[in-house]
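Geometric and topological summary
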Amino acid sequence: MSRRDWVDRARFATRAIHAGQAPDETTGSIVPPVHLTSTYVQAAPGKNKGFEYARVSNPTRTALEQNLAALENAKFCSAFASGVACADAIFKSLRPGDHVVVSNDLYGGNYRLFTEVFGPFGIESEFVDVTKIDVVESAMRPSTAILWLETPSNPLMTIADIKRLSRFAHAYHTDVVVDNTFATPYLQTPLDMGADLVLHSTTKYLSGHSDVIGGAICTNSAEWADRLVFQVKCAGAVPGPMDCYLVSRGIKTLHVRMERHCANAFRVAQYLHAHPRVGRVHYPGLPDDAGHALAKRQMHAFGGMIAFQLKDDRIEKALEVLGATRVIALAESLGGVESLIGHPATMTHASIPPDVRRRAGLADSLIRLSVGIENVDDIIDDLDAALLGC
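Quick look at the structure, then. (Residues numbered from 1 in each chain as written. Predicted model: local features only at pLDDT ≥ 70, side-chain atom pairs only at ≥ 80, totals over all residues. Heavy atoms only, no water.)

Observations concerning the sheet that holds strand β2 (residues 99-103)
- Here seven strands make up an open sheet; going across it, the order is β1-β7-β6-β5-β4-β2-β3 and the pairing mixed. Of all the strands in the sheet, the pair left with one neighbour each is β1 (76-80) and β3 (124-128). Along the sheet, successive strands turn relative to each other by an average axial angle of 20°, direction set aside.
- Of the strand pairs in this sheet, β2 and strand β4 (residues 144-150) are connected by four bridges, and their pairing is parallel. Opposite Val-101, over in β4, you have Leu-147 as the bridge partner.
- Along the sheet, helix α3 (residues 59-71) makes contact with β1 and β7 (215-219), crossing β1 at roughly 130°.
- Of the strands in this sheet, β1, β4, β5 (175-179), β6 (197-200) and β7 are in contact with helix α9 (residues 222-235), which crosses β1 at around 25°. (Pairing = 2+ DSSP bridges. Helix = DSSP H or I, 4+ residues; strand = E, 2+ residues; numbered from the N terminus. Axes fitted to C-alpha atoms, helices over the stretch in contact; angles between N-to-C directions. Contact = heavy atoms within 4.5 Å.)

See below:
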């Protein structure tokens, strides 16, 4: 059995460290080299060992793609310059007149992309509550090309039933896209549950250190893989080799970091749930959360993201909390080793019209918390001081 075959059959932690990361054949370097090149010398036209021009392919990017494919149990992976570039590539594979059914609780940047960029080109996105199968069914049309899911969702942490929705969508000849950024392949593998495409903002948990922007799409569909490679060649929204190296380096500790993210988040969620000044906590690990039972079935743990509202549900009070933390940084993004706190209505989801946000359940006073891997007691102490002062 070859080394690659052995690694592909190994358990998650081993694949995270070794898949696509063979030592350099020339020097024996345990870390594969970063290939900083724009082009490749050819022995003859077309005789190039698989590499011609770095927009199309790069060995460092290929190593990352092989690693991610192994973690998502996928045959194919294409890396992109950002998570939004992944969404852009998928939508560019559609055609005018196509219809997309989308989670109504989703990242604001994707809402903006779907409505303001692709809407005028005749691709219609319909935003629905994907936790209700009858609502999804009422939205389906003969022209529905994609069912787009975020689970857990951003920012309300709602859980969509990937297996059930995939079976349902396929009966309508509709492909299923799952944004797996919040869960990572360590907590769930949507392709195993019937999804057709899995999307990641590798900026977040996969790289894990808040120092790189990237994205990736994994699939077992050769047709979709060809479409995505076509978008890579034509549009060129690809990550540079140093970006790919940083994501690959981060992935090597993904399983270790996710264990701490999940453990810390569970403790923080319990603390917030019991706090007299907190009105509601959105976290699927809590037994009274609407998505708890489903998350327990389809995820290995509940993730590191939390959203919450105060009992005094005024935006002014929420902003007081946001400005009072000291260990937890007020910043956009998530999934890094450091804890981050944010205000979706004015930050990550500001591009969604207020009435649309509110209909989806996203209150103006909602606070989103990316729980890092610091000592959990320090995180809780920081929150406690901020909440007592509001």
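Here we look at the pairing of strand β9 (residues 305-310)
- Within β9, six of the six residues are buried, which leaves it mostly tucked inside the rest of the structure.
- Of the two faces of β9, both are covered, the one formed by Met-305, Ala-307 and Gln-309 as well as the one formed by Ile-306, Phe-308 and Leu-310.
- The sheet contact formed by strand β8 (residues 278-282) and β9 spans four bridges and is antiparallel. In the sheet register, Val-281 faces β9, and the bridge partner there is Phe-308. (Buried < 20%, exposed > 50% of the residue type's maximum accessible area, 1.4 Å probe, protein only.)

Some details on the nonpolar core
- Core analysis: the largest hydrophobic core is formed by 38 residues, its most contacted members being Leu-64, Leu-68, Leu-187, Ile-251 and Met-258.
- Setting aside chain neighbours within four positions, we find Met-258 in contact with Ala-183, Thr-184, Tyr-186, Leu-187 and Tyr-205.
- Counting residues in hydrophobic clusters, the runner-up holds 29 residues, among them Phe-80, Ala-85, Ala-89 and Leu-106. (Core = buried A, V, L, I, M, F, W, Y, C linked by side-chain atoms within 4.5 Å.)

Quick look at the packing of helix α4 (residues 83-92) against α9
- Contact pair α4 / α9: the axes reach a minimum separation of 9 Å and the direction vectors enclose 110°. Overall, the two elements α4 and α9 adopt an arrangement that is roughly perpendicular. Crossing handedness for the pair α4 and α9: right-handed. Here Ala-89, Ile-90 and Lys-92 of α4 lie close against α9, whose contacting residues are Trp-224, Leu-228, Gln-231 and Ala-235.
- For the contact of α4 with α9, a count of residues per class yields five nonpolar, one polar and one charged. (Parallel < 35°, antiparallel > 145°, perpendicular 65-115°, else oblique. Left-handed = near helix turned anticlockwise from the far one by under 90°. Nonpolar A, V, L, I, M, F, W, Y, C, P; charged D, E, K, R; others polar.)

Quick word on the state of the cysteines
- With the rule as written, the count across this model stands at zero disulfides.
- Free of any disulfide, Cys-234 has its nearest cysteine sulfur in Cys-86, 16 Å distant.
- Lacking any disulfide linkage, Cys-244 is separated from the closest cysteine sulfur, that of Cys-77, by 9.8 Å. (Disulfide = S-S within 2.5 Å.)

Quick look at the sheet that holds β9
- Taken in spatial order, the five strands line up as β8-β9-β12-β11-β10 in an open sheet, and their pairing is mixed. In this open sheet, the two edge strands, each paired with only one partner strand, are β8 and β10 (329-330).
- Of the pairings in the sheet, the one linking strand β11 (residues 340-342) to strand β12 (residues 367-370) comprises three bridges and is antiparallel in character. When the sheet's bridge partners are listed, Leu-340 is paired in β12 with Ser-370.

These figures capture arrangement, not role.
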